[in-house]
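Summary of structural features
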Amino acid sequence: MNSYINAVKAELKDWKKALLLIVLTVARIIYGWAWVNAGWEKVTSGWFNFKGGHSAKLIAGMAANMLPPKAHGFDPLYINKLWSWVAIHIFNGMPSVTDFLVPICEIAVGVGIIIGFRLLWVALLGLFLNVQFIASGSANNFGYIWTDIIVMNFAKYFELFGISGYLAFKKSQKVTENKKIAA
């Protein structure tokens, strides 16, 4: 662990690189906390149960929003119809599992982002959750979607001060190997 900390200190001698990595790490922690808070809010508000009362309405709304007449335009691969069928026949068939999994997944995304572990996959799960909320009629997730996309594109930089960065260091003994930061 000391060798990792010393390697990180050596990388932080360049003030531009240090500033960028500190900003990305602070942003990652703030964003992860927002996810944990959203999941915890669902846990404490009664969403976290096996009754299925919350997600059943949202899933039905999502399916309705994805089909005509609300959805219009060209859908050559019938993605909207396919996903609507999956939502109605699979997820709406088990709303109690969905009510249980949504807060668990939100908290998992938040913790994964905070600790900096496999951010590409964590952000992909977050993107999936956000797209589902938007499809169900929630319009306040666009900031989350853009942030998920940014984290996915720059995951290797966001992970430098996290568990994935530490594991990569243990493997190669270099903090920024193949991670050239244009500063």
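A brief report on the enclosed structure follows. Along every chain, residues carry numbers that run from 1 in the direction the sequence is written. The predicted nature of this model means local features are confined to residues of pLDDT at least 70 and side-chain atom pairs, given and counted, to a pLDDT of 80 or more, with totals for whole chains, interfaces and linings taken over all residues. Side-chain calculation: all heavy atoms of the structure are included, whereas hydrogens and water are not.

The next point concerns the overall build of the chain. Put simply, DSSP H or I for four residues or longer makes a helix, DSSP E for two residues or longer makes a strand, and each gets a number counted from the N terminus. A tally of helices and strands in the chain yields nine helices and zero strands. Starting at the N terminus and walking to the C terminus, you meet the elements of the chain as α-α-α-α-α-α-α-α-α. Looking at the chain as a whole, 36% of its 183 residues are labelled buried. Contacts: residue pairs with any heavy atoms within 4.5 Å of one another. In the chain, the proportion of contacts linking residues at least 24 apart, taken out of those at least 6 apart, comes to 72%. The Shrake-Rupley method, run with a 1.4 Å probe, gives the accessible areas here. Residue values count only the displayed protein chains as cover. Per element, the accessible surface of the chain, about 10900 Å² overall, is 70% carbon and sulfur. To sort residues, take the accessible area from a 1.4 Å probe on protein chains only and compare it with the maximum for the residue type: under 20% means buried, over 50% means exposed, and anything in between is partly exposed.

Bringing the packing of aromatic side chains into the picture now. Centre-to-centre distance and the angle between the planes together describe a pair of aromatic rings. Working definition: rings of Phe, Tyr and Trp (its six-membered ring) pair if their centres are within 6.5 Å, and the pair is stacked with planes under 30 degrees apart, edge-to-face with planes over 60 apart, and tilted otherwise. Under the counting rule described, the total for this entry stands at six aromatic pairs. Between Tyr 4 and Tyr 166, the ring centres sit 5.2 Å apart and the planes meet at 85 degrees, which makes this aromatic pair edge-to-face. Highlighted residues: Tyr 4 in helix α1 (residues 2-11) and Tyr 166 in helix α9 (residues 163-172), separated in sequence by 162 residues. Exposure remark for Tyr 4: the relative accessible area of 8% places this residue in the buried category. Taking the relative accessible area as the measure of exposure, Tyr 166 reaches 23% and is therefore partly exposed. Ring centres of Tyr 31 and Trp 35 lie 6.4 Å apart, and the angle between their planes is 85 degrees; this geometry places the pair in the edge-to-face category.

Right, let's talk about the nonpolar core for a bit. Trp 35, Val 109, Ile 113, Leu 119, Val 151 and Phe 158 are the most contacted members of the largest nonpolar core, which has 13 residues in total. Mapped by element, the contributors of at least two residues to this core are α2 (15-44), α5 (95-115), α6 (119-135) and α8 (155-158). Ranked by residue count, the leading element in this core is α6, at four residues. Excluding its chain neighbours within four sequence positions, the residues that come into contact with Trp 35 are Glu 106, Ile 107, Val 109, Gly 110, Ile 113, Gly 126, Leu 129, Asn 130, Tyr 144 and Asp 148. Only buried residues count toward a nonpolar core, which is a set of Ala, Val, Leu, Ile, Met, Phe, Trp, Tyr and Cys residues joined through side-chain atoms within 4.5 Å.

Let us look at the packing of α5 against α6. All axes here are fitted lines through C-alpha atoms, helices being fitted over the stretch that makes contact, and every angle between N-to-C directions spans 0 to 180 degrees. Interhelical geometry of α5 versus α6 gives an angle of 140 degrees and a closest axis separation of 9 Å. The way α5 lies across α6 gives a crossing that is left-handed. Residue-level contacts link Val 102, Cys 105, Glu 106, Val 109, Gly 112 and Ile 113 of α5 to Leu 119, Val 122, Leu 125, Gly 126, Leu 129 and Phe 133 of α6. Should the near helix be turned anticlockwise from the far one by less than a right angle, the crossing is left-handed, and should it be turned clockwise, the crossing is right-handed.

All quantities given are derived from atomic positions and should not be read as evidence of function.
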